[in-house]
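Here is what each chain is made of, one letter per residue.
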Amino acid sequence: MLRRLPLWPALAALTSGLGLGFAQPDWGLWPLAFVALAPLAWAVRDQPLSRRLWLGWCVGTVATLLTPWVPGATGFSRYFELSPIVGGMAALGVAQTFGAASTAIAAGVCGRVRHPASFVVRFGLAWGAAEWLRGIALTGLPWMLLAHGLAPVPALAAPARAIGAVGLSALLAAASAALAVSISSARAGNLHRGAAFG
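Residues numbered from 1 in each chain as written. Predicted model: local features only at pLDDT ≥ 70, side-chain atom pairs only at ≥ 80, totals over all residues. Heavy atoms only, no water.

1. Concerning the packing of helix H3 (residues 49-66) against helix H5 (residues 84-109)
- It is the contact of H3 with H5, at a shortest axis distance of 7 Å, that shows an interaxial angle of 140°. In terms of orientation, H3 lies oblique with respect to H5. The two elements H3 and H5 meet at a crossing, and its hand is right-handed. Contacts between H3 and H5 pair Leu49, Arg52, Leu53, Gly56, Trp57, Val59, Gly60, Thr61, Thr64 and Leu65 from the former with Leu92, Ala95, Gln96, Gly99, Ala100, Ala101, Thr103, Ala104, Ile105, Ala107 and Gly108 from the latter.
- Of the residues in the contact of H3 with H5, the class split is 12 nonpolar, eight polar and one charged. (Axes fitted to C-alpha atoms, helices over the stretch in contact; angles between N-to-C directions. Helix = DSSP H or I, 4+ residues; strand = E, 2+ residues; numbered from the N terminus. Parallel < 35°, antiparallel > 145°, perpendicular 65-115°, else oblique. Left-handed = near helix turned anticlockwise from the far one by under 90°. Contact = heavy atoms within 4.5 Å. Nonpolar A, V, L, I, M, F, W, Y, C, P; charged D, E, K, R; others polar.)

And the structure:
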């Protein structure tokens, strides 16, 4: 499947994975929480389901390697008395099962929507639902939420008091999708004007 995937969507997924990972409190780059998913939103919008799933999986893989993988590997190694390599492989398996799978589901649900506003809403809701599924329903431990990136800035994290961390993540994801739609629309308008005058 990777050979058939155009380069730009794959780079967009890599960028979103890096943005999501670096937006987490461990790295302290909280402004990325507002834009981290914009490349993914741009990349999945007109892709078939199989590509959307693959792009979402890539985002989750990159983000989990940056955030919970090292502490997870250390925990597996110490708690279960495993070698660091086996502990790292176990942590990677958990990260792939829960982290990457949930981002793949979110990306898979939100493509092929014609109306831009519907896409923005669907993207935000899909991301929030995927985070809820991963953090509440599957593991019981909400981890690597997009909203966690805002924890160092209490004023920006304050809406979580009313709508919860998952709700705030859904709003951040919708903001990223709105940015992607705006840039795509502006670019399409410029291309259309250029063709008229060219």
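2. With respect to the packing of aromatic side chains
- Applying the stated criterion across every chain yields a total of four aromatic pairs.
- Relative to Phe80, the ring of Phe76 has its centre 5.6 Å away and its plane inclined at 25°; by these criteria the two rings are stacked.
- A residue is classified by how much of its surface remains accessible, and Phe76, at 22% relative accessible area, is partly exposed.
- What makes Phe80 partly exposed here is its relative accessible area of 48%. (Phe/Tyr/Trp six-rings, centres within 6.5 Å; stacked < 30°, edge-to-face > 60°. Buried < 20%, exposed > 50% of the residue type's maximum accessible area, 1.4 Å probe, protein only.)

3. A word on helix H6 (residues 116-138)
- Its 23 residues place the ends of H6 31 Å apart at the C-alpha level, agreeing with the 33 Å of an ideal helix rising 1.5 Å per residue.
- By the largest-angle criterion, Trp132 marks the main kink of H6, which is about 30°.
- Taken together, the buried positions of H6 are occupied by Phe119, Val120, Phe123, Gly124, Ala126, Trp127, Gly128, Ala130, Glu131, Arg134 and Gly135.
- Gly140 sits one or two positions beyond H6 and adopts a positive phi of about 75°. (Expected span 1.5 Å × (residues − 1). Bend = angle between axes of the 7 residues up to and from the residue.)

4. Structural notes on a nonpolar patch on the surface
- Side chains of Leu7, Trp8, Leu11, Leu14, Leu18 and Trp42 sit close together on the surface and give an oily, nonpolar patch of about 610 Å² of accessible area.
- Considering every element that reaches the nonpolar patch, the biggest residue donor is helix H1 (residues 7-23), with five residues.
- Counting through the fold element by element, Leu18 comes out in helix H1.
- You can call Leu18 partly exposed: its relative accessible area is 33%. (Patch = residues over 30% accessible without salt bridge, like charges linked within 9 Å, V, L, I, M, F, W, Y side chains within 5 Å. Areas by Shrake-Rupley, 256 points an atom, 1.4 Å probe, with all protein chains shown as cover. Salt bridge = Lys/Arg side-chain N within 4 Å of Asp/Glu carboxyl O.)

5. Points about the nonpolar core
- Core analysis: the biggest nonpolar cluster contains 38 residues, and Leu20, Leu40, Val44, Phe119, Phe123, Trp127 and Leu146 have the highest contact counts within it.
- When residues in this core are grouped by element, the largest group, seven residues, is from helix H8 (residues 160-197).
- With near-sequence residues (within four places) excluded, Leu40 lies in contact with Ala12, Ser16, Leu55, Gly56, Val59, Ala107, Phe123 and Trp127. (Core = buried A, V, L, I, M, F, W, Y, C linked by side-chain atoms within 4.5 Å.)

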